[in-house]
Amino acid sequence: MTGNMHLGVEEPIRECQYNQICTHNSSTMDTPHTKKKKIKRKWQVFPGRNKFYCNGRIMMAKQTGVFYLTVVLILVTSGLFFAFDCPFLASNLTPAIPAIGGVLFIFVMGMLLRASFSDPGVLPRATPEEAADIERQIDTANGPSGPGYRPPPRTREVLINGQTVKLKYCFTCKIFRPPRASHCSLCDNCVERFDHHCPWVGNCVGRRNYRFFYLFILSLSLLTIFIFAFVITHVILRSNRTGFLSALKDSPASVLEVVVCFFSIWSIVGLSGFHTYLISSNQTTNEDIKGSWSSKRGKGNYNPYSYGNLITNCCAALCGPLPPSLIDRRGFVQPDTPQPVAQTNGTGACPSNQVQSHMT
Amino acid sequence: MISAPRTATDRTKLPYCHESFHNLQELRHSASLANKVFIQRDYTDGTVCKFQTKFPSELDSRIERTLFEDTVKTLNNYYAEAEKIGGQSYLEGCLACLTVYLIFLCIETRYEKVLKKISWYIQEQNEKVYAPRGLLITDPIERGMRVIEISVYEDHGSSGSSSGSSTTSSSGR
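Along each chain, numbering runs from 1 in the same order as the chain's sequence is written. The lettering of chains begins at A and the numbering of ligands begins at 1, in the order of writing. Owing to the predicted nature of the model, reporting of local features is limited to residues with pLDDT of at least 70; listing and counting of side-chain atom pairs is limited to 80 or more, with chain, interface and lining totals taken over all residues. As a rule here, side-chain values come from all non-hydrogen atoms in the structure, and water together with hydrogens is ignored.

Observations regarding the packing of aromatic side chains
Two aromatic rings, taken as a pair, are described by how far apart their centres are and by the angle between their planes.
Residues and elements named next belong to chain A.
At step 1: We call Phe, Tyr and Trp rings a pair once their centres come within 6.5 Å, taking the six-membered ring for Trp, and we label the pair stacked below 30 degrees between planes, edge-to-face above 60, and tilted otherwise. One pass over the structure, following the stated rule, counts 19 aromatic pairs over all chains.
At step 2: A centroid spacing of 5.5 Å and a plane angle of 55 degrees characterise the contact between F67 and Y68, whose relative ring orientation is tilted.
At step 3: An angle of 65 degrees between the planes, with centres 5.3 Å apart, marks the rings of Y169 and F176 as edge-to-face.
At step 4: Taken together, the aromatic side chains of F81, F82, F105, F226 and F230 make up a single cluster linked through ring pairs.
At step 5: Consider the ring centre and the ring normal. A charge sits over the ring if Lys NZ or Arg CZ is within 6 Å of that centre and within 35 degrees of that normal. Over the ring of F176 we find R156, and its NZ or CZ is 4.1 Å from the ring centre.
At step 6: Cation over ring: R193 sits above Y210, and NZ or CZ is 5.2 Å from the ring centre.

Here it is in structure tokens:
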């Protein structure tokens, strides 16, 4: 009795103490002169590992060093071409050469910046209510778990155009990934129609910027071949007049350009060819590497997303509708909506945790 | 289950009934959120944006099945129109490519135009069909095009029992 009365007396005091602690904490968090809360834009509270510039208009990956290298290489090589080779070529051959070169250069830079700066098709993470709803559905589907029972992995199977596709659950984003989406570990985002993470472009390549990436590598191949061919032409024409060594002495930049172009052509033209094959068969790099639609996996294995026609596949990839960004970078954060929790633990650690929670 | 603290309510307002809500403002201010129902995507046609038309059991007592299916089917048609690959999208794509995609600084894409139509349609549906029944549809674009979120509102008197019943009904599914 005394114990109960003791508790009975203690509890209201404890409640008051809790209240006091709460108000005390909240008052220390708000500094006296900034009573009004600063409204943030959504990019400032974005949970992924991305960098934003120009107040959310530009979105890139965290590591951008290689991207700057790409820009420098293109600018320097093209700059040297226009400065040292073009005057000779324009006066001796035709002024169309620097004109075409200029157009190609502008196109290359435009596509590169567009591929690097745009949202690749990042899927926003689930709101807490959505995540709870999915958890409920998974728990219901799994059924009761007895001792020694390991719940099946979190997958859903969907029949797409007659082909069974497994949708995987993303533990970081707390969603079932749509078909062809994948989680980029570098950017810590799920990306729609994930192709690959390109360090040269400084961004993921996904649904929204694949066509820019492809046009970039295609136009860069043309530009590289163009510069290579015309620098060689320039040196040959000069050496016809003054001899080979003095030609090289007169335009030393040509040597640098030829070296850069020679080594670039193999990789870039090869990459363009590879991506042309991917586009014509409507596959992503991710799917091709995993061999998802390879006939080696089984007799009935085929790509359910292909339109069957080479031309249609190409047109769909390059001229299809451009979907909008789903993450609304420049929108304002609503003060009453709870933000999805940012989790960066890898998928390797999570399944064991989930199993333990299921067992208890 | 400890329920979340409820916002301050005006107890002098009329108790909830289907006919008493005439606009969304009233709904938001006079009722409390009881539950959220999520309509998931239907991937059977590939990656095209399409939502399942299966009628969720939580809405059984709130809205007629045909009205709900009409809304979802109309939304699916809008999204199909936005993602349609045809003459107009090719023209738009080629023109944009020729202008190094700078043309999108001046004009908006067809997809964006259709999304505006969709948000207008959802607002109209909310005002005419869903708010009078104590429901509210959230535009899928605000949820990353993953789900159609339908918020179920209850009046204050029955909200305690309804939240309890909603949890039991969902676990029983």
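Points about the sheet that holds strand β3 (residues 122–123) of chain A
At step 1: Strand order in the open sheet formed by three strands is β3-β8-β7 (chain A), with antiparallel pairing between adjacent strands. Each end of this open sheet is capped by a strand with a single partner; those strands are β3 and β7 (182–184) of chain A. At least two DSSP bridges between two strands are required for those strands to pair. Each helix is a run of DSSP H or I of at least 4 residues and each strand a run of E of at least 2, with the numbering of both proceeding from the N terminus.

Overview of a nonpolar patch on the surface
All names here are of chain A.
At step 1: A cluster of nonpolar side chains, V255, V259, F262, F263 and W266, forms an exposed patch at the surface whose accessible area comes to about 540 Å².
At step 2: Here V255 shows up in helix α7 (residues 253–280).
At step 3: Burial classes follow relative accessibility: with a 1.4 Å probe on protein chains only, a residue under 20% of its type's maximum area counts as buried, one over 50% as exposed, and anything between as partly exposed. By relative accessible area, which is 39% here, V255 ends up partly exposed. A patch consists of residues whose relative accessible area exceeds 30% and which take part in no salt bridge; residues with like charges are grouped when within 9 Å of each other, and nonpolar side chains (Val, Leu, Ile, Met, Phe, Trp, Tyr) when within 5 Å. Shrake-Rupley sampling with a 1.4 Å probe provides the accessible areas, and residues are treated as covered by the protein chains on show and by no other component. In what follows, salt bridge is the name for a side-chain nitrogen of Lys or Arg lying within 4 Å of a carboxyl oxygen of Asp or Glu.

Description of the pairing of strand β5 (residues 163–170) of chain A
Residues and elements named next belong to chain A.
At step 1: Taken together, the six bridges between strand β4 (residues 155–160) and β5 define a ladder with antiparallel strand orientation. For E157, the partnering residue across the bridge sits in β5 and is K166.
At step 2: Here β4 folds back onto β5, and the loop between the two strands holds two residues, one of which, N161, carries a positive phi near 50 degrees.
At step 3: In terms of strand pairing, β5 meets strand β6 (residues 175–176) through two bridges, oriented antiparallel. Its bridge partner being in β6, C170 is matched across the sheet by I175.
At step 4: From the end of β5 to the start of β6, which pair antiparallel, there are four residues, and K174 there has a positive phi angle of about 60 degrees.

A few points about unusual backbone geometry
Residues and elements named next belong to chain A.
At step 1: Residues other than glycine seldom take positive phi values, yet C54 does so here, at roughly 55 degrees.
At step 2: The backbone phi angle of N55 is positive, close to 55 degrees, even though this residue is not glycine.
At step 3: By the secondary structure assignment, N55 is in the loop between β1 (50–53) and β2 (58–61).
At step 4: Here N55 falls in the partly exposed class, since its relative accessible area comes to 33%.

A few points about the UniProt feature "transmembrane region" (unreviewed entry) in chain A
Residues and elements named next belong to chain A.
At step 1: UniProt positions are given in the numbering used here, feature names are shortened, and annotations may be inferred rather than shown by experiment. The UniProt entry lists residues 66–84, 96–115, 212–236 and 256–280 under the feature "transmembrane region" (unreviewed entry), expressed in the numbering used here.
At step 2: In residues 212–236, the share of helix is 100% and the share of strand is 0%. The end C-alpha atoms are 35 Å apart.
At step 3: Secondary structure within residues 256–280 divides into 100% helix and 0% strand; the distance between the first and last C-alpha atoms comes to 36 Å.

Section: helix α5 (residues 210–242) of chain A
At step 1: To estimate how far a helix should extend, the number of its residues minus one is multiplied by 1.5 Å. In this model α5(A) runs 47 Å from its N-terminal to its C-terminal C-alpha over 33 residues, within 8% of the 48 Å that 1.5 Å per residue would give.
At step 2: Of the residues one or two after α5(A), G243(A) is the one with positive phi, at around 95 degrees.

Comments concerning the sheet that holds β6(A)
At step 1: With antiparallel pairing, the three strands of this open sheet are ordered in space as β4-β5-β6 (chain A). At either margin of the open sheet sits one strand with a lone partner, and together these are β4 and β6 of chain A.

Concerning the UniProt feature "domain: Golgin subfamily A member 7/ERF4" (unreviewed entry) in chain B
At step 1: Mapped onto this numbering, the UniProt entry gives "domain: Golgin subfamily A member 7/ERF4" (unreviewed entry) at residues 37–149 of chain B.
At step 2: Secondary structure over residues 37–149 of chain B splits into 45% helix and 10% strand, and the C-alpha atoms at its two ends are 6 Å apart.

Thoughts on the confidence of the model for chain B
Residues and elements named next belong to chain B.
At step 1: pLDDT expresses how confident the predictor is about each individual residue, on a scale running from 0 to 100. Averaged over all residues, the pLDDT of chain B is 77; the fraction at 70 or higher stands at 72%.
At step 2: Across chain B, helix α2 (residues 65–82) holds the top mean pLDDT of 93, while helix α5 (residues 156–172) sits lowest at 43.
At step 3: Taken together, the stretch residues 1–21 has pLDDT below 50 and engages in 23 contacts with residues farther than four places along the chain or on a different chain.
At step 4: Residue contacts are defined here by distance: any two heavy atoms, one from each residue, within 4.5 Å place the two residues in contact. Contacts of residues 158–173 to residues separated by more than four positions or lying in other chains number 15 contacts, the stretch itself having pLDDT below 50.
At step 5: For this predicted complex, the interface confidence comes out at an ipTM of 0.74, alongside a pTM of 0.79.

Digging into the interface of chain A and chain B
At step 1: Across the boundary between the two partners, chain A contributes 41 residues, which contact 33 residues of chain B.
At step 2: Here chain A and chain B share an interface that buries about 3000 Å² over both sides, 65% of which is from carbon and sulfur atoms.
At step 3: Three residues, E130(A), C319(A) and P321(A), lead the burial of chain A against chain B; their summed loss comes to 18% of the area buried on that side.
At step 4: Across the chain A-chain B interface, the total number found is three salt bridges.
At step 5: The salt bridge involving E130(A) is made with R146(B); its shortest N-O contact spans 3.0 Å.
At step 6: Whenever two N or O atoms come within 3.5 Å, that pair is a polar contact, provided that in protein one can donate a hydrogen and the other can accept it, and provided that, for residues adjacent in sequence, both atoms are side-chain atoms. Where chain A packs against chain B, one counts four residue pairs in polar contact (both at pLDDT 80 or more).
At step 7: Ranked by residues supplied to the side of chain A that touches chain B, first place goes to helix α4 (residues 128–142) of chain A with seven residues.
At step 8: Following the grouping adopted for this structure description, the nonpolar residues are Ala, Val, Leu, Ile, Met, Phe, Trp, Tyr, Cys and Pro, the charged ones are Asp, Glu, Lys and Arg, and the polar ones are all others, Gly among them. Within the side of chain A that touches chain B, the residues separate by chemical class into 26 nonpolar, six polar and nine charged. A 1.4 Å probe defines the accessible area here, and the buried area is the portion of it lost by two parts on being joined, summed over both.

Quick look at the nonpolar core
At step 1: One finds I74(A), F81(A), M111(A), L112(A) and F216(A) to be the most contacted residues of the largest nonpolar core, which totals 43 residues.
At step 2: Of all elements in the fold, only β2, α2 (65–92), α3 (96–117), α5 and α7 of chain A reach the threshold of two or more residues within this core.
At step 3: With twelve residues, the single largest contributor to this core is α5(A).
At step 4: Residues contacting F216(A), with those up to four places away along its chain left out, are T70(A), I74(A), V108(A), M111(A), L112(A) and V201(A).
At step 5: Listed in part, the 36 residues of the second largest apolar core include Y111(B), Y130(B), I148(B) and V152(B). Definition of nonpolar core: a set of buried residues of the types Ala, Val, Leu, Ile, Met, Phe, Trp, Tyr and Cys, connected through side-chain atoms within 4.5 Å.

A short note on the pattern of salt bridges
At step 1: Taken as a whole, this structure holds 20 salt bridges over all chains when the rule is applied.
At step 2: Across the pair E287(A) and R180(A) runs a salt bridge, and its minimum N-O distance is 3.0 Å. Linking E287(A) in helix α8 (residues 285–290) with R180(A) in the loop between β6 and β7, this pair joins segments that are 107 residues apart in sequence.
At step 3: Residue classification places E287(A) among the buried positions, given a relative accessible area of 7%.
At step 4: The exposure class of R180(A) is buried, given its relative accessible area of 12%.
At step 5: The residue E124(B) makes a salt bridge to K128(B) at a minimum N-O spacing of 2.9 Å.

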